[in-house]
Amino acid sequence: MQARLAHQSYGKSRVRLTKVTRRADRHELAELSIDIALEGDFAASYLTGDNRQVIATDTMKNTVYVLAADHPLDSPESFALTLAEHFVRRNAHVSAATVNIEEPTWRRIDTLTGVHPHAFVAGGPQRRTCRVRHEREKTTVRAGVAGLSILKTTNSAFRGFLRDEFTTLPETDDRIFATTLDANWLYRPGSGNWNAAHAVIVQALLDVFAGHVSLAVQQTLFAMGQAALAACDAIDEIHLAMPNQHRIPVNLAPFGLPSRNEIFVTTSEPFGLIEATLARDAT
């Protein structure tokens, strides 16, 4: 049987990097997890094992560390652009480089004597993310947040949904709304104030989640995405994924106790998964 190579890419994944910038009065900490994927004229390696055009993935790993030494790492987007442009610029046979970066949250420890200059505490499981794809004539930058756990204890309902013979879910006007938000957005060409834009967008998402009187996760998701587009002119679209992480009320009647909507079973699986992409209305 004959087969053709329809698509190929290769690279180095989970390159872990910690950088400490030692200033006179404080230290700055940056930690990144980096994935690099290259596309181009690598067919010979797949078809015949000829590796003369192959950039070793170990070289990619070392490139991350060397370029990080002279890069301020003030935003994952700027470093992803530096890496992607490096591989395309230096190698004529590379047609595109895609760099994904995840950055966990570290914040300074607030001690009795003030914010500590070189001690940090993890900010939670959420990560700041970005994805840069650099081709010779085009570059796209996406950024976002992953694993951001948010919850509110009221102002969430779910009723009026389709019922059939398999439906057992009761309707409710007051439930816990818990989710772990993954969101990413597409920047317009020429955008550059990555940190400010990221902060504005995340704050807009959180503000709407907290204040929205929700009739469905779908409705709140749309309102959150709409607010993000309104808050930041630098983005053209945003994708949100919100798993519905249920808190199920415990029936305390068998124990002679009233139900006051206070005791719940925390569940993680199975879960409903609600996703949508919102694009800026051109009109």
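Quick note: structure is the one above.
All figures in this text were calculated on a predicted structure; none of them were measured in a lab. (Residues numbered from 1 in each chain as written. Predicted model: local features only at pLDDT ≥ 70, side-chain atom pairs only at ≥ 80, totals over all residues. Heavy atoms only, no water.)

A. Inspection of the pattern of salt bridges at higher detail. Within the structure shown, the criterion is met by 15 salt bridges. Here R23 and E28 are joined by a salt bridge, their closest N and O atoms 3.8 Å apart. For R23, a relative accessible area of 42% translates into the label partly exposed. Residue classification places E28 among the partly exposed positions, given a relative accessible area of 26%. Counted as one network, the salt bridges with shared partners bring together R23, D25, R26, E28 and R108. (Salt bridge = Lys/Arg side-chain N within 4 Å of Asp/Glu carboxyl O. Buried < 20%, exposed > 50% of the residue type's maximum accessible area, 1.4 Å probe, protein only.)

B. Expanded view of the pairing of strand β1 (residues 10–22). Pairing analysis gives 11 bridges linking β1 to strand β2 (residues 27–40), with the strands arranged antiparallel. The residue bridging K19 from the neighbouring strand is A30, located in β2. Where β1 hands over to β2, the hairpin turn is made up of four residues, counted between the paired strands. (Pairing = 2+ DSSP bridges. Helix = DSSP H or I, 4+ residues; strand = E, 2+ residues; numbered from the N terminus.)

C. Region of the structure containing unusual backbone geometry. Across the junction of E269 and P270, the peptide omega takes the value -10°, indicating a cis bond. Locating P270 in the fold gives a position in the loop between β9 (264–266) and β10 (272–279). Positioned with a positive phi, N155 is a non-glycine residue whose angle comes to about 60°. By secondary structure assignment, the location of N155 is in the loop between β5 (139–152) and β6 (177–187). The exposure class assigned to N155 is partly exposed, which follows from its relative accessible area of 37%.

D. Looking closely at the packing of helix α4 (residues 194–211) against helix α5 (residues 217–231). Their axes nearest at 8 Å, the elements α4 and α5 cross at an angle of 145°. For the pair α4 and α5, the crossing hand works out as right-handed. Note on element contacts: α5 touches α4 through T220, A223, M224, G225, A227, A228 and A231, opposite V200, I201, A204, L205, V208 and F209. Grouping the amino acids of the contact of α4 with α5 by side-chain chemistry returns 11 nonpolar, two polar and no charged. (Axes fitted to C-alpha atoms, helices over the stretch in contact; angles between N-to-C directions. Left-handed = near helix turned anticlockwise from the far one by under 90°. Contact = heavy atoms within 4.5 Å. Nonpolar A, V, L, I, M, F, W, Y, C, P; charged D, E, K, R; others polar.)

Bear in mind that shape data such as this cannot, by itself, settle questions of function.
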